[in-house]
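Each chain, letter by letter, is given below.
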Amino acid sequence: MSDLTHSTAAELAAKIHAGEVSSVEVTRAHLDRIGAIDETVHAFLHVDTDGALAAAQRVDDDVAAGRPVASPLAGVPLALKDVFATEGIPTTCGSKILENWIPPYDSTVARKLRDAGVVVLGKTNMDEFAMGSSTENSAYGVTRNPWDLDRIPGGSGGGSSASLAAFQAPLAIGTDTGGSIRQPASVTGTVGVKPTYGGVSRYGLVAFSSSLDQGGPCARTVLDAALLHEVIGGHDPLDSTSIDAPVPPVVAAAREGAAGDLRGLRVGVVREFTGEWYQDGVIAAFDQAVEALRGLGAEVVEVSCPHFDYALPAYYLIAPSECSSNLARFDAMRYGLRVGDENGNSAEQVMALTREAGFGAEVKRRVMVGTYALSSGYYDAYYGQAQKVRTLISRDFERAFGDVDVLVSPTTPTTAFRIGERVDDPVAMYRADLCTIPANLAGTPAMSVPAGLSDDDGLPVGLQVMAPALQEQRMYKVAAAYEAARDKAWGGPLINRVPELEVAAR
Amino acid sequence: MPNISREEVAHLARLARLAVTEDELDKFAGQLDVILQSVASVGEVAAQEIPPTSHAVPLRNVFRADEPRPGLSQQQALAGAPAVEEGRFRVPRILGEEA
Amino acid sequence: MTASTADVLDYDEVLARFDPVLGLEVHVELSTNTKMFCGCPTAFGAEPNTQVCPVCLGLPGALPVVNGAAVESAIRIGLALGCDIAEWCRFARKNYFYPDMPKNFQTSQYDEPIAFDGKLDLELEDGTVVEVGIERAHMEEDTGKSLHVGGATGRIHGAEHSLLDYNRAGVPLIEIVTKPITGTGARAPEVARAYVTALRDLLRALGVSDVRMDQGSLRCDANVSLMPKGTTVFGTRTETKNVNSLRSVERAVRYEMTRQAAVLAGGGEILQETRHFDESTGSTSAGRRKETSEDYRYFPEPDLVPIAPSAEWVEKLRATLPEMPWQRRKRIQADWQLSDLELRDLVNAGAVDLVAATVDAGATPNEARAWWVNYLSQEANTRGVELAELPITPAQVARVAAMVADGKLTNKLAREVVDGVLAGEGEPDAVVAARGLEVVSDDSALYAAVDEALAAQPDVADKIRGGKVQAAGAIVGAVMKATKGQADAKRVRELILERCAG
Ligand SMILES: [Zn+2]
């Protein structure tokens, strides 16, 4: 393992821009690392070796010629979730139905990364169409958690979180519809941020649930996440729901937070996020984190958000409903898989045969649940009622943020569970998103920062910090302050405690 | 509250264009039932006077100028197609509305 | 049970037993530069799949953005129809699978149309005015076009496979829906046609669409039902599609009335279904029956934000409304001093715009009307085309009229010039030159012809000299004949009197 793969993005950027190391060297180190261990971890679905080296070379050329670099992260490698369209590079969304699909266009996030000189190493594994909390729903095999290879890396963005924890990339991009950035971050001991809905363009992000999906940065440190946030954030005229406002000053907030002073800040602990589904070790780690915040000068109070109890059911009506419509376009007519075009089968039959063969069980379940919830006889009782619950959850947030600056909770009720443990119990699987979903429903920002290891199984726990819409700087400041205090308490970054992975024979 | 029969699953699968197998009908009937039971609690919330939220951001009137933008070439458009003929997407016979 | 399509009831008997109820849904393709939700051009006739992008092809990840000009057109249409404009409305997704629809949902408006509750007054041929209530006008997008290969006639039925072109997919559409139209009795088919005609004229005046039924930029679906006389409960309706001309609107409604009446009279039931109009037979036939009932699972489109037109914006758009066809007709009647009958003939001939343009080009209203309503209407009838489709322009007609006024052409010659223009021989002046049609205005040539005629009919010449001036007519006729009609008869008469004078 080289120093290059264990460096933060900020450190790598500084060295590359100063000419101390080339982006090509950094990129090669990460490609080598992927080559050595990805057979074990399986974080990547596609590695773009040539594209990555070419992008790195362009940054090195800029540095050599004394030209200004394209962005503060120019030359730094990144792992991109395979849900973003990338021109000329396969995009599968973890689904058989898009096997070998090569988009003729770039998502806005991919374009911004390229424009910023960020080196995209490849596309990461995910639950099919981002539906899942374990990455077990990928059509291309499971991704393993570098902390314990028998456990899940979270989901849907398990490929992105695992690539960070396995030191295959210092940066990654995820998408968060119900927790798919934060929960994987939590169970892999990494940082994951869901920005305010509309803060990062969804153009080219293959939709799961349009009103909830939000792309965001993933990293091993809060500062790295902030740097990436500023690269991918901002208004996009190609996304009607994109907010036309400057990106909140998250890098400055992360730097400010690292000084470790939270005096004058009011932190609310959400009373509803505890109970029978919560692992003891998670609660203990969370309580310690809250104590740490107090130690940094924050005032901690308990707040109640009574409708958060209904967030999970509302989410599992809204998301499937929207997905049933969003996934209708996968019909074997224009792109992707086609099955059964023989024996005089009609277009309708070919559509049904293709979707049956091309979608996995979880996607089929959600498509059918959504079809049910939108049906005329059930609309008011299900979809309509869920939309009202959504209003009530937003009001709970508003009331809480009238009293406190940020809210905190465990990111997910348990540490990483074992692969296979919940595959046949969808409802148990859904509970992984218990604490993350309210922020998706309200469109507010939230992030997960590692909060130590659970004392019952030694696996990472995540602290979730939530802020009001467009106030990301608040949560970055709190997370950065906590991160610094935690590293001090643990005698170094938590991520360095990931067990050494067997390097496959080459 | 919900009690999803095999027949209802078959109906939903038809609406959603999923050629599910007999085994799946049994499996999904049970699972959809459990899922719908577990989400039915949204109905417990008294929300008669509450307006629904369809969008998380309070944006209005987002429009584009009526100016052409470059799109895809025919070749790009058809590149991912399972079958192509005469510059068009070739698809199996369509059971139409027309007699 | 269903009656066979051949079973129809005599029209008079239909009316003796039933009252028809109409509902008309008109789809108008807007003539914006770009599509409803993407920047692809909307022009007709391009190579297949060359006016497409990730958005209108429904590629994974692509997102729609509303064309502001399409919203303005929708609001202007709503205002012209006297509708209320929604203070707040949204797009919705209408979910159903069909290969010509790239996303397998149509982005449309459902329970929140941008315009609602208006009316349109129409005038039937005999001058009767009928007010048709407008339920709503809403925005949506068009589908792609399919070409059916194999099978008998390129029709969908029996085809082996189909070929799809998405150039039209996403073109902005406005759907305009009437309230139920009742109480029209025997005139229901005529009212249906008059409604579509009036709507077409209004949309044309607004300049929002090409309104070409033959190209599909204006399409009409006709809902027809019958209720037994004396009752007020509407019967089951059918929706007839593929009605591609004004005449077809009338025929389709009439056919459905007679067909439904036959079914009902035979004790049968009308099935709520979509029917297909066949231009060649003038009849309708049932579409494929769906095995599952239609459930479009509408929900608000999450990728688009609500539209909330401000009062200022709406008023600004109201100020851009042109003179409406009915206002224009009133003004024209006053300006041109037309009787009600004359106005009606003008309107029924579809000649208002053409006559007005001819007047603008310098002709008097009477001359212009005479040409278009009388001479050219007949020509259009003979050719079986719309008046406007004749290969002659108002400017050309005005030029011919000017030459008549200047005495350069007689009326007879003028008709020959017009025929020449219609035959593609070029501008009126070129036709005059090529055919040698100009009036003989050289007096010396005329003197010779007059002298010759007088010499040929000495008895008539004597009568004139004897003071019987009216006898000059015979000599005028002879001169006109000799000059093949190219002389100015008034001048000829003057010369005859001069020769016969003292
Ligand atoms: Zn387009």
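As the structure is a prediction and not an experimental result, all values here were calculated from the model.

Colleague: Teacher, can you tell me more about the overall build of chain C here?
Modeller: If you tally the helices and strands in chain C, you get 16 helices and 15 strands. A globule of 502 residues ought to have a C-alpha radius of gyration of about 23 Å, yet chain C, at 30 Å, is considerably larger. Here the C-alpha coordinates of chain C stretch approximately 100 × 55 × 50 Å along the principal axes. If you take every contact in chain C between residues at least 6 apart in sequence, the share linking residues at least 24 apart comes to 69%. Of the side chains in chain C, 54 bear a positive and 73 a negative charge, and the two mean positions are spaced by 2 Å.

Colleague: It is not clear to me how the overall build of chain A should be interpreted in this structure. Could you clarify?
Modeller: Counting secondary structure elements, chain A contains 17 helices and 11 strands. Taking 506 residues into account, the globule formula puts the C-alpha radius of gyration at 23 Å, and chain A, at 21 Å, falls close to it. Judged by the C-alpha coordinates and their principal axes, chain A covers about 70 × 55 × 45 Å. The buried share of chain A, taken over its 506 residues, is 69%. Counting contacts in chain A only where the partners sit at least 6 residues apart, residues at least 24 apart contribute 77% of the total. On chain A, roughly 14800 Å² of surface is accessible, and the fraction owed to carbon and sulfur atoms is 48%. Where the 42 positive side-chain charges of chain A centre and where its 63 negative ones centre are 2 Å apart.

Colleague: Looking at this structure, how should I read the coordination of the zinc ion?
Modeller: Six octahedral donors around a metal ideally subtend angles of 90 or 180 degrees, whereas four tetrahedral donors ideally subtend 109.5 degrees. All names here are of chain C. Around the zinc ion, the protein supplies Cys-38 (SG), Cys-40 (SG), Cys-53 (SG) and Cys-56 (SG) as donor atoms, at distances of 2.3 Å. In this structure, the zinc ion is coordinated by four donor atoms arranged in tetrahedral fashion, with angles at the metal of 100 to 115°. Here the donor residues for the zinc ion map to a single chain with the spacing C-x1-C-x12-C-x2-C. Here Cys-38 is found in the loop between β1 (18-29) and β2 (66-67), whereas its partner Cys-53 is found in the loop between β1 and β2, with 15 residues between them in sequence.

Colleague: Explanation requested: the pairing of strand β11 (residues 218-228) of chain C in the structure shown.
Modeller: On any regular strand, side chains alternate: one points to one face of the sheet, the next to the other face. Residue and element names in this part refer to chain C. For β11, the tally of buried residues reaches nine of 11 residues, placing the bulk of the element in the interior. Inspection of the sheet shows β1 paired to β11 by 11 bridges, in the antiparallel sense. Across the sheet, residue Phe-18 finds its bridge partner in β11, namely Pro-228.

Colleague: Would you take a moment to explain the interface of chain A and chain B for this structure?
Modeller: As a measure of interface size, the accessible area lost when the parts come together is often cited. Contacts between chain A and chain B engage 61 residues on the former and 54 residues on the latter. Between chain A and chain B, a total of about 4800 Å² is buried, with carbon and sulfur atoms accounting for 69% of that surface. Of all residues in chain A, the largest losses of buried area upon contact with chain B belong to Met-368, Tyr-372 and Lys-388 of chain A, amounting jointly to 13% of the total for that side. The tally of links between chain A and chain B comes to two salt bridges. Across the pair Arg-17 of chain B and Glu-348 of chain A runs a salt bridge, and its minimum N-O distance is 3.9 Å. Inspection of the region where chain A meets chain B yields 16 residue pairs in polar contact (both at pLDDT 80 or more). With 11 residues, helix α14 (residues 380-401) of chain A is the single largest residue contributor to the side of chain A that touches chain B. When its residues are assigned to classes, the side of chain A that touches chain B shows 32 nonpolar, 16 polar and 13 charged.

Colleague: For this particular structure, what's the right way to read the interface of chain C and chain B?
Modeller: The interface is formed by 61 residues belonging to chain C together with 38 residues belonging to chain B. Summed over both partners, the interface of chain C with chain B buries about 4400 Å², with 58% contributed by carbon and sulfur atoms. The interface formed by chain C and chain B contains zero salt bridges. Where the side of chain C that touches chain B is concerned, the elements lending two or more residues are β2, α2 (68-80), β8 (145-149), β9 (161-165), β13 (274-278) and β14 (283-286) of chain C. For the side of chain C that touches chain B, the element with the most residues is β9 of chain C, which contributes five residues.

Colleague: Can you walk me through the UniProt feature "active site" (unreviewed entry) in chain A in this structure?
Modeller: All names here are of chain A. The sites that UniProt annotates as "active site" (unreviewed entry) are Lys-81, Ser-156 and Ser-180. The largest pairwise C-alpha distance within this set of annotated residues, which runs over 100 residues, is 10.9 Å, so the set is compact in three dimensions. Mapped onto the secondary structure, Lys-81 falls in strand β2 (residues 77-81). Here Lys-81 falls in the buried class, since its relative accessible area comes to 0%. Residues within four places of Lys-81 in sequence aside, it is in contact with Lys-123, Thr-124, Met-126, Ala-130, Ser-156, Gly-157, Ser-160, Ile-173, Gly-174, Thr-175 and Ser-180.

Colleague: Got a minute to help me understand empty space enclosed by the protein in this structure?
Modeller: All names here are of chain C. All told, the structure shown has seven cavities of 30 Å³ or more when counted by the stated rule. In this structure, the largest cavity occupies an estimated 180 Å³ of space. Taken together, 21 residues line the largest cavity, and the ones lying closest to its centre are Phe-37, Val-55, Cys-56, Lys-103 and Glu-141. The class makeup of the residues in the lining of the largest cavity is 11 nonpolar, three polar and seven charged.

Colleague: Just checking my understanding: could you explain the nonpolar core for this structure?
Modeller: Soluble globular proteins: nonpolar side chains tend toward being buried together. By size, the foremost hydrophobic cluster in this structure holds 253 residues, and its most contacted members are Leu-113, Phe-129 and Tyr-476 of chain A together with Ile-114, Ile-176 and Tyr-195 of chain C. Of all the elements, helix α3 (residues 188-206) of chain C adds the most residues to this core, at 11 residues. With residues near it in sequence (within four places) discarded, Phe-129 of chain A still touches Cys-93, Ser-95, Ile-97, Leu-98, Val-206, Phe-208, Leu-327, Phe-330, Phe-359 and Val-363 of chain A. Core analysis: the second largest hydrophobic core is formed by 36 residues, Val-355, Ala-363, Val-400 and Leu-409 of chain C among them.

Colleague: Would you take a moment to explain the sheet that holds β14 of chain C for this structure?
Modeller: Hydrogen bonds between backbone atoms are what pair the strands of a sheet, whose relative direction is either parallel or antiparallel. Residue and element names in this part refer to chain C. Spatially, nine strands are ordered β3-β6-β7-β10-β1-β11-β12-β13-β14 in an open sheet, and the strand pairing comes out mixed. Both edges of this open sheet fall to β3 (84-85) and β14, since each of them pairs with a single strand only. When strand β7 (residues 129-141) meets strand β10 (residues 172-178), the two strands line up antiparallel, connected through seven bridges. Within the sheet, the bridge partner assigned to Met-139 lies in β10 and is Ile-174.

Colleague: Would you mind going over α2 of chain C with me for this structure?
Modeller: Think of an α-helix as 3.6 residues a turn; residues three or four steps apart then line up on the same face. Residues and elements named next belong to chain C. Taking 1.5 Å per residue as the helical rise, α2 with its 13 residues ought to reach 18 Å, and the 18 Å between its terminal C-alpha atoms agrees with that figure. The element α2 is extensively covered by neighbouring structure, given that 11 of its 13 residues are classed as buried. Listed as buried for α2 are Gly-68, Ala-70, Val-71, Ser-73, Ala-74, Ile-75, Arg-76, Ile-77, Gly-78, Leu-79 and Ala-80. The opening residue of α2, the one whose side-chain oxygen lies 3.0 Å from the backbone nitrogen of Ala-69, is Asn-67. Looking one or two residues past α2, Gly-82 carries a phi angle of roughly 70°, positive in sign.

Colleague: I keep staring at the packing of aromatic side chains and nothing clicks. Help me out?
Modeller: The description of an aromatic ring pair rests on the distance of the ring centres and on the angle between the ring planes. Counted under the stated rule, the structure contains 22 aromatic pairs over all chains. Taken together, a centroid distance of 5.3 Å and an interplanar angle of 80° make the contact between Phe-37 of chain C and Phe-91 of chain C edge-to-face. Of the two residues, Phe-37 of chain C sits in the loop between β1 and β2 while Phe-91 of chain C sits in the loop between β3 and β4 (92-95), which places them 54 residues apart along the sequence. Among the aromatic residues, those joined into a ring-pair cluster are Trp-101, Phe-129, Phe-330, Tyr-335 and Phe-359 of chain A. For the cation-ring pair, Arg-431 of chain A lies above Trp-277 of chain A, with the distance from its terminal atom to the ring centre recorded as 3.5 Å.

Colleague: Can you walk me through the side chain of Arg-136 of chain C in this structure?
Modeller: Residues and elements named next belong to chain C. Tracing the backbone shows Arg-136 in strand β7. For the buried Arg-136, no salt bridge exists, and the shortest N-O distance to an oppositely charged side chain is 6.4 Å, to Glu-175. When residues no more than four places from it in sequence are discounted, the contact partners of Arg-136 are Gln-109, Tyr-110, Pro-113, Ala-115, Phe-116, Glu-175, Ile-176 and Val-177.

Colleague: Looking at this model, I keep getting lost on the side chain of Thr-92 of chain A. Mind explaining?
Modeller: Residues and elements named next belong to chain A. If you trace the backbone, Thr-92 turns up in the loop between β2 and α5 (108-115). Under the relative-accessibility criterion, Thr-92 is labelled buried at 8%. Of note is the side chain of Thr-92, whose polar atom sits 2.6 Å from the side chain of Asp-82. Every residue in contact with Thr-92, bar those within four places of it in the chain, is listed here: Leu-45, Asp-82, Leu-98, Glu-99 and Tyr-140.

Thresholds applied
Residues numbered from 1 in each chain as written. Chains lettered and ligands numbered in written order. Predicted model: local features only at pLDDT ≥ 70, side-chain atom pairs only at ≥ 80, totals over all residues. Heavy atoms only, no water. Helix = DSSP H or I, 4+ residues; strand = E, 2+ residues; numbered from the N terminus. Rg over C-alpha atoms; globule rule 2.2 N^0.38 Å. Contact = heavy atoms within 4.5 Å. Lys, Arg positive; Asp, Glu negative; His and termini not counted. Charge placed at Lys NZ, Arg CZ, Asp CG, Glu CD. Buried < 20%, exposed > 50% of the residue type's maximum accessible area, 1.4 Å probe, protein only. Areas by Shrake-Rupley, 256 points an atom, 1.4 Å probe, with all protein chains shown as cover. Donors = N, O, S within 2.8 Å, 3.2 Å for Na, K, Ca; no water. Tetrahedral: all angles 85-135°; square planar, octahedral: opposite > 155°, others 65-115°. Pairing = 2+ DSSP bridges. Buried area = accessible area lost by both parts, 1.4 Å probe. Salt bridge = Lys/Arg side-chain N within 4 Å of Asp/Glu carboxyl O. Polar contact = N/O pair within 3.5 Å; in protein donor to acceptor, adjacent residues only side chain to side chain. Nonpolar A, V, L, I, M, F, W, Y, C, P; charged D, E, K, R; others polar. UniProt positions renumbered as here; feature names shortened; annotations may be inferred. 1 Å grid on protein atoms, 1.4 Å probe; cavity = no way out; pocket = protein on both sides within 12 Å on 5 of 7 lines; lining within 4 Å. Points joined across faces, edges and corners; volume = space filled by probe spheres on them. Core = buried A, V, L, I, M, F, W, Y, C linked by side-chain atoms within 4.5 Å. Expected span 1.5 Å × (residues − 1). Phe/Tyr/Trp six-rings, centres within 6.5 Å; stacked < 30°, edge-to-face > 60°. Lys NZ or Arg CZ within 6 Å of the ring centre and 35° of its normal.

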